[in-house]
Amino acid sequence: MTVFNAPKSASPFPNLIMRTHYPHFDPQRLVPICEGLVRGARENAYLEQGDANSSVINTQSMPHTLAVFAPFYEWLWPHIEHVIYREWKMDRSVKYWINDSWVNRHGPGGQTTEHTHGHAVMAISAYIQVPKDSGAIEFMDPLEHMWRMYYRNHRPGTWDRIGVSAGDILMFPGWLDHRTEVSRAEPGLDRWVLTTNVFCHRMERAASKWMDPYVTSPGYPKVEWGKR
Amino acid sequence: MKDALTLVADPFPRLVFKTNYSGFRDNQAKWAEICEGIVRGTGGHNSYLEAGNAASSVRNQESAPHKLAVFQPFYKWLWPRVQEVMYLQWDMEPSIDYWISDSWVNYHDRGGHTLEHTHGYAVMAVSTYITMPENGGNLEVLDPSEHFWAMHFRGHYRERAPSGWKEIPVAAGDVCMFPGWLQHRTQEHKGTAGEKRWVLTTNILNVTHSRVGRGPL
């Protein structure tokens, strides 16, 4: 059913997810480096489930600080600026920077569970290697609660899927809830994703146990007011 | 940086749709007269949402436009477009009955405007611009995700800081469709006094409710 002079979108609101493509990832060269980054993490991230690993704990060797990833970040930065300034109308007088980055591996059965990137202005998922059936990224509509008063074929709680290929780059606000599908790739075939956070706020952690899930922490760190 | 290098990948439903109906272009004086008559039918009961030199026929549902023969060509044209947005864009359940529950016309003369409001549980609200004088004021919709963006600095103090309110330019014949829960308002009519903007508003519902007594709207 499509009618003549059909209504066209006139939404004036910012688009949330932007996509581009980087054609120069070389998995043969990068995957051994990514494996090294994951080995350098003293523990896995609690968001990784099944056959999955993350280098997020390895803040000593973050991809954006390594020379081998420099061509990618040099290419990426104008795209970040384009989305931040032109799509999202962010303040140009505020400083933005790449704060942290990491790689995730998903083998068959592996996935990253639902999460946000908190106060990150932008989270970026860059797909270094994507075997067949290794799963898509999924997002939760931030307005889903508004649609719940109606009956829709899109059932409440349904995630919206975005299929990805090697070289795809997705940019979205840090507050947007997302997760990956479970990889159903053939054994031995890993999906490798490079994630990057763009910040404009500086945050310091009070605890030495960085990234421990709050629910399993032995106790909240003592707050010392005024100490920075 | 060319725009084409970064493409929109949002999988979420778009909220505001626009199309254009040509049937109101001819004989605008006749349409204005019909609308004046509908507003007079309220017996002077205006809506509290109308501010300044403005009036609404929302209290006159006995002669709501969708019930009048003169508006039938418009509603016959509108319905497939309503379905297009509801089913194809918003993925609404097609086994449920949807209908036009109520409709009304508003006028805004110089200084007049409609205040911020929603249409509650209406599946869709449709704003149709029968006449649109120069500087008659555009439609504004409030970004429902504004509270998420509030954590970041947006715009610049030297420029007009972007608020959650976004302007949708409208012209005579434009038909804007959006979910009933989306907050919206009109800009103030800053055009020539006596040149009224006439807007026909229509609600699409799939549920009913009853009012106790005849309280104010």
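Residues numbered from 1 in each chain as written. Chains lettered and ligands numbered in written order. Predicted model: local features only at pLDDT ≥ 70, side-chain atom pairs only at ≥ 80, totals over all residues. Heavy atoms only, no water.

Asker: Mind laying out the pairing of strand 2 (residues 18-21) of chain A, listing which residues take part and the relevant values?
Answerer: Burial along strand 2 of chain A is one-sided: the residues Met18 and Thr20 of chain A are buried and none of Arg19 and His21 of chain A is. By the bridge criterion, two bridges tie strand 2 of chain A to strand 1 (residues 7-8) of chain B in an arrangement that is antiparallel. Each bridged residue has a counterpart across the sheet, and for Arg19 of chain A the counterpart in strand 1 of chain B is Leu7 of chain B. Here strand 2 of chain A runs beside strand 10 (residues 168-172) of chain A; their pairing, made up of four bridges, is antiparallel. Residue Met18 of chain A lies in a different strand from strand 10 of chain A, and its bridge partner there is Met171 of chain A. (Buried < 20%, exposed > 50% of the residue type's maximum accessible area, 1.4 Å probe, protein only. Helix = DSSP H or I, 4+ residues; strand = E, 2+ residues; numbered from the N terminus. Pairing = 2+ DSSP bridges.)

Asker: Lay out the interface of chain B and chain A in plain terms, naming residues and giving numbers.
Answerer: Between chain B and chain A, the residue contacts involve 59 residues of the former and 60 residues of the latter. Note on chain B versus chain A: buried area summed over both sides is about 5200 Å², and carbon and sulfur give 64% of it. In terms of surface lost to chain A, no three residues of chain B exceed Phe12, Trp149 and Trp181 of chain B, which account for 14% of the buried area on that side. The tally of links between chain B and chain A comes to one salt bridge. Across the pair Arg155 of chain A and Glu93 of chain B runs a salt bridge whose closest N-O atoms are separated by 3.9 Å. Put simply, chain B and chain A have 17 residue pairs in polar contact (both at pLDDT 80 or more) between them. If you list the elements that add at least two residues to the side of chain B that touches chain A, you get strand 1, strand 2 (17-20), helix 2 (72-89), strand 8 (139-142), helix 3 (146-149) and strand 9 (165-168) of chain B. Sort the elements by how many residues they give to the side of chain B that touches chain A and helix 2 of chain B lands first, with eight residues. In terms of residue class, the side of chain B that touches chain A is built from 37 nonpolar, 10 polar and 12 charged. (Contact = heavy atoms within 4.5 Å. Buried area = accessible area lost by both parts, 1.4 Å probe. Salt bridge = Lys/Arg side-chain N within 4 Å of Asp/Glu carboxyl O. Polar contact = N/O pair within 3.5 Å; in protein donor to acceptor, adjacent residues only side chain to side chain. Nonpolar A, V, L, I, M, F, W, Y, C, P; charged D, E, K, R; others polar.)

Asker: Requested: an account of a nonpolar patch on the surface, with residues and values cited.
Answerer: A cluster of nonpolar side chains, namely Met149 of chain A together with Tyr121 and Val207 of chain B, defines an oily patch on the protein surface of about 230 Å² accessible area. Here Val207 of chain B shows up in the segment after strand 12 (197-205). A residue is classified by how much of its surface remains accessible, and Val207 of chain B, at 38% relative accessible area, is partly exposed. (Patch = residues over 30% accessible without salt bridge, like charges linked within 9 Å, V, L, I, M, F, W, Y side chains within 5 Å. Areas by Shrake-Rupley, 256 points an atom, 1.4 Å probe, with all protein chains shown as cover.)

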